[in-house]
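# A closer look at the structure
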Amino acid sequence: MKNTIRVHQFHGGIHPPENKKQSTGAPISLAPLPSRIILPLQQHIGLPADPIVKVGDRVLKGQRVAEAIGRISANIHASISGTVVDIGPHPVPHVSGMDADCLVIESDGQDEWIEHQGLPDYTQLAKPELIEYIRQAGVAGMGGAGFPTDVKLHLGDDHIVNTLIINAAECEPYITADDMLMRERADEILGGIEIIAHLLKPLHIMVGIEDNKPQAIRALHDALDKSHLNLDIVITPTKYPSGGEKQLIKLLTGVEVPSGKIPADVGIVCQNVGTTTAVYRAVILGEPLISRIMTVTGESANHKQNYEVRIGTPIADLLNHSGVDRAQMQRLIIGGPMMGITVTNEQIPVIKTTNCLIAASIHEMPPQPPAQACIRCGMCEQVCPAELLPQQLYWFAKGKEFDKARHHNLFDCIECGACSYVCPSNIPLVQYYRFAKAEIRKEDDEQRKADHARLRFEARLARLERDKIEKEERRKQRAIEAAAAQAAKKDAAFNKAASPATNNPTDAGVPDLKQLKSNAAIARTKLRKAEKALANAQDKGLDGIETLQATLKQLQLKSELAEKAYTEAQQAPAKSAAAPETDLKQLKSNAAIARTKLKKAEKQLAAAEAGGEGDIDALKAQVVALQAKSADAEKAYQAADSGTVSPVAIDTSALEAEIATLQGKVDKAENAWKAAVESGSPAAEKMAAGVEKLKEKLTGLQAELTQARSAVQPAATVDTSALDTEIATLQGKVDKAENAWKAAVESGSPAAEKMAAGVEKLKEKLTGLQAELTQARSAVQPAATVDTSALDAEITTLQGKVDKAENAWKAAVESGSPAADKMAAGVEKLKEKLKGLQAELTQAKGHLETNAEGKAEEAPAIDLKALKQQVSIMRTKLKKAEKQLAELPEGEDNASLMAEIEALRARHDAAKASFDAAEADKIAAAASEGIDLKQLKIDAALARAAVTKAERALSKAEQESKQSLETELLSIRAKADKLNATLERFSD
Amino acid sequence: MSAVLVAVLVLLGLGLVFGILLGYSSIRFKVEGNPLVDQVDALLPQTQCGQCGHPGCRPYAEAIVNGEAINKCPPGGQSTVEALADLLDVEALPLDAEDAEEPIKKVAYIREDECIGCTKCIQACPVDAILGAAKQMHTVIVSECTGCDLCVEPCPVDCIDMLPLEPSLNNWQWPAPKPGIELIATDRQPGIALEVKG
Ligand code: SF4
Ligand code: SF4
Ligand code: SF4
Ligand code: SF4
């Protein structure tokens, strides 16, 4: 056989003993069916495949078990039929000897193929589809590193491929897998080449084969005669490493692939012969890559020959099958003796790139003699096929001068081992290069990571900076707004002070207007949201509509209140207020302390009751005692308060707020009651009673309001809008109650009758209210306003407590707790107290009234500070409670906490309202009297005067001192003159 | 006399021309920032850990350019010190750290079921490598973590560990050869191999 093509030369190369004849004696035989296979998820370059079967799944031979991820990756198929028994780390053929993720399949012995079918005519298929077909079959390079074949087949897309080279050199000693393949399956190879050529459309196809495989060459030629394929079989001289990709290209074409480039950059694509059969089988037969030809050889093997081995077969099976004498076996090598790896674990599986297994005896591969110093003989340089300077690289690697190694083209080294082979000093050169390469790669990687980290760090800094600026801007904006508000306030106050003639009370409301307006707006928005939610809920027929409705109503009230407050502030006359000056504060704090104690005791009691612990009686006694004390303290305070209070303006807004809160409560209670009735709870009746009581209280309060309004003789125009709202709300309630009743009647509920009664009562109340309204309207007369806000606050607090107690009671009833009855009693007591307080309030108001005319002139300062404190305490409490609620793990019962928060919020709002009112009043009062400003003005004037005086004094002083100096000077001069004269006289 | 004058004038003219040229180019081709700082910064490991006493690598780079010692970056190790010494042409000092060995790369792991979602670690992380939100479980994006340690201290429940990266096939690398190591290419001793062949 003669070459029609001139063979070129590559630099260097060696001629190690071939040791190939041992394994070419017998034809390829099928390795026995393994009892289990281990499929590493990464058998190729690129990303590992992703398993698509689970442990326990039955898989068939040829079934895809792991899927390629990303472009450079390959599918993996089961090579036997059986069951997946494990997916996890297993030893794999890797120099590190480490484990990697594998799929383990236990054979069922049936070796059952999955249904498969080749393409009848692949030329009909579009190229990308055909390539995808090959990709699906998991074909990866079977010669070297296992590069996914489909990626190489795509090279035709963006490169001009002139030459396709089929690598059949098989230059490494011992290995004969490709040789035997060519001898026995030359037509499959040509079929595969045809497919690849169809895809790449090269101008020229060459098969490079070493001249030590004459039988394979003949077989190829024979097959070629039958084929219409136009290719050149190029016979190259035997020399290691002519199978290296770049070396073979140089041999066959004379073209040198530049450093850092791939062959496709010079128009060449290489494929291994093994890969061509895999392509053939995939396309023509439809078989994925599940087996390969592999040489088992080495002195300690009994049958040295080639097997067709399923991918995943443990090498122990192969060693056993070929009768390897373990005692004689010194080293076990996967791959060839030059570039392969030594393995120790026989459970390592065969993978797609495993072409040889050498069970070497000690005689065959003796231990490495110790390395000696490099003598600079230059032999390594002479054999290096990559034309490098191995000894130089060695020095750099050893001295860790990796940069220099890199500049000496370390990365062109193909790790062929030729230099190590010839080195007389036995220096493990290749290992130095591998180490140096790894270090450089690591450094690069770290640099990349560092750059990445720097970018992220800088991005973070930029983000923080941006946030800061934004925050600052927002702060500034707020400050500007606040300043504007402040200025408006001051302006208003000043205007008042400056023009006492126009001391119009309407101006008093100006400062707070903005706040009130925004409050009203917020309340409105909330209301709208709630309405929307409700509508939504109703649409979808969700649960919880009732609670939503209740919330809505509350919000409505709030919104209305806020709006009212706003309008009031806009229109209503200023209410001058007053507050006692004696040690009211002391009394108040006493009362507060007593209250806190009481609360604590109550809490304890509740806890004890809930827990069913003993000592409840003692606790109760304590609570009662405390209650008495608290009541005493409060009474004392109130007495002092009402006693010392001077004529002041009545603030009915607090009462109104009370009523609103109560109304909210009534609603809630009614809802709860309804829910109870619906669910047929035994507590329903008790609840009904509670609701009734609440309603009574409400009526009482409302009556009080009317009384207060009508009782105050010298009154500012009373705003009856509160009453109006109430009436409207009540009407709404009546409607709702009627609806509920109707529904109950329709559903034949036993609670219907009770409901009817409730509706009746509500209606009555409504009528009553309407009457009140008329009364109030007619009774309103100009009046001084009384400040009962302290009492009001008390009532609010108590009310909050009542709320809490009621909620606790309800919860208890719902959970069927035995403590419920006792609680009910407690609630009753509290309510009584509340009533008492309310009565007191009325009394106080009446008292005020009598005093009203007497000391109308005095306008003492309101205890603003205390009020403010109260507000902030409330806020803190509220916040704390909310936090508690937030921190409460989900699923736990947070109803009681919520109730508490509600109560706190109500209290906070009330306190805030009273504070706001007081503050507004104070400002108004102060403004009307012009105290502060006048004083200030006077002060300023005084100061200015003082400055002028001082200035004058200063200038005077200056003048004076000057004058005195001058006089002194003059006198001195005179004296001097005199003296001079005398002197002259005497000198004459 | 006139020759001297001409010479002086020519020199003056030349001086003027080049002065203008230089002045122009110094404006036209102005280099933003300090290039040396950039070079030094590029050598620092960008762990942003602050162990050098500066709030990040770049501030330390600036300090180095202003004359600070180059051996204060423990994450960089001795190799960084040497690289810096190389760049700045100064003496390579031994690393100023308790254990002057090459640092082991570590990354933070959050024991996720213990995390209370306080977001403190997010605020501490210089490279935004922690993912989470208030009251949600947090986790470290391992590929972004520089191993700076800064998130460990602020965690109120101590649920962050600094663990060395698990060795895997992906980060395994060839060790430096040790004397007496066995190589595969043993048939370099032709005598024996030939014997086998024969
Ligand atoms: S062959 Fe070995 S001893 Fe000779 S120069 Fe190369 S490394 Fe040194
Ligand atoms: S191992 Fe590298 S340096 Fe040595 S001969 Fe082969 S290509 Fe050249
Ligand atoms: S010590 Fe930390 S912050 Fe300082 S340079 Fe080194 S990595 Fe950067
Ligand atoms: S600091 Fe700790 S507890 Fe807080 S979010 Fe981070 S890991 Fe979770």
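The structure presented is a predicted model; accordingly, all values stated were derived computationally and were not measured.

Rules of the game
Residues numbered from 1 in each chain as written. Chains lettered and ligands numbered in written order. Predicted model: local features only at pLDDT ≥ 70, side-chain atom pairs only at ≥ 80, totals over all residues. Heavy atoms only, no water. Pairing = 2+ DSSP bridges. Helix = DSSP H or I, 4+ residues; strand = E, 2+ residues; numbered from the N terminus. Axes fitted to C-alpha atoms, helices over the stretch in contact; angles between N-to-C directions. Contact = heavy atoms within 4.5 Å. Disulfide = S-S within 2.5 Å. UniProt positions renumbered as here; feature names shortened; annotations may be inferred. Buried < 20%, exposed > 50% of the residue type's maximum accessible area, 1.4 Å probe, protein only. Phe/Tyr/Trp six-rings, centres within 6.5 Å; stacked < 30°, edge-to-face > 60°. Lys NZ or Arg CZ within 6 Å of the ring centre and 35° of its normal. Parallel < 35°, antiparallel > 145°, perpendicular 65-115°, else oblique. Left-handed = near helix turned anticlockwise from the far one by under 90°. Nonpolar A, V, L, I, M, F, W, Y, C, P; charged D, E, K, R; others polar.

Moving on, we come to the sheet that holds strand 12 (residues 268–272) of chain A. All names here are of chain A. If you walk across this open sheet you meet the 4 strands as 11-10-9-12, and the pairing is parallel. The open sheet has two free edges, formed respectively by strand 11 (232–236) and strand 12, since each of these has just one partner strand. In this sheet, neighbouring strand axes are inclined to one another by 25 degrees on average, regardless of whether the strands run parallel or antiparallel. Bridging between strand 10 (residues 204–210) and strand 11 involves 5 bridges; their strand directions are parallel. Paired with I209 across the strands is I235, a residue of strand 11. Each of strand 9 (163–168), strand 10, strand 11 and strand 12 touches helix 7 (residues 245–253); the most contacted strand, strand 9, lies at about 115 degrees to it.

For the structure shown, the criterion picks out 0 disulfides over all chains. As a non-bridged cysteine, B:C125 has B:C148 as the owner of its nearest cysteine sulfur, 5.9 Å distant.

Glancing now at the UniProt feature "binding site: [4Fe-4S] cluster 2" (unreviewed entry) in chain A. Residue and element names in this part refer to chain A. According to UniProt, the positions carrying the feature "binding site: [4Fe-4S] cluster 2" (unreviewed entry) are C384, C413, C416 and C419. A stretch of 36 residues holds the annotated residues, and the largest C-alpha distance among them is 10.6 Å, short enough that they meet in one place. Inspection of the secondary structure assignment puts C416 in the loop between helix 12 (402–407) and helix 13 (418–422). The class for C416 is buried, based on a relative accessible area of 7%. In this structure, C416 is in contact with Y240, P241, M338, M339 and P385, ignoring residues within four places of it in sequence. On the secondary structure map, C419 appears in helix 13. For C419, a relative accessible area of 8% gives the class buried. Setting aside chain neighbours within four positions, we find C419 in contact with C380, V383, P390, L429, V430 and Y433.

Glancing now at the packing of aromatic side chains. One pass over the full model with this rule turns up 4 aromatic pairs over all chains. Where A:F402 meets A:F435, the ring centres are 5.8 Å apart and the plane angle is 75 degrees; that geometry is what we call edge-to-face. Note that A:F402 is positioned in helix 12 and A:F435 in helix 14 (residues 429–498), a separation of 33 residues in sequence. Considered together, A:F402 and A:F435 belong to a single accessibility category, that of buried residues. Ring centres of B:W172 and B:W174 lie 5.4 Å apart, and the angle between their planes is 65 degrees; this geometry places the pair in the edge-to-face category. Residue classification places B:W172 among the partly exposed positions, given a relative accessible area of 24%. What links up through ring pairs into an aromatic cluster is the set A:Y394, A:W395 and A:Y432. Between the NZ or CZ atom of A:K239 and the centre of the ring of A:F10, over which it lies, the distance is 4.4 Å.

With that settled, consider the packing of helix 1 (residues 127–136) of chain A against helix 5 (residues 186–200) of chain A. Residues and elements named next belong to chain A. Put simply, helix 1 and helix 5 touch, their axes get as near as 10 Å, and they point 140 degrees apart. On the basis of the axis angle, helix 1 is oblique to helix 5. Classified by chirality, the crossing of helix 5 by helix 1 is left-handed. Between helix 1 and helix 5, the contacting residues are K127, L130, I131 and I134 on the first element and I195, H198 and L199 on the second. The residue inventory of the contact of helix 1 with helix 5, partitioned by class, reads 5 nonpolar, 1 polar and 1 charged.

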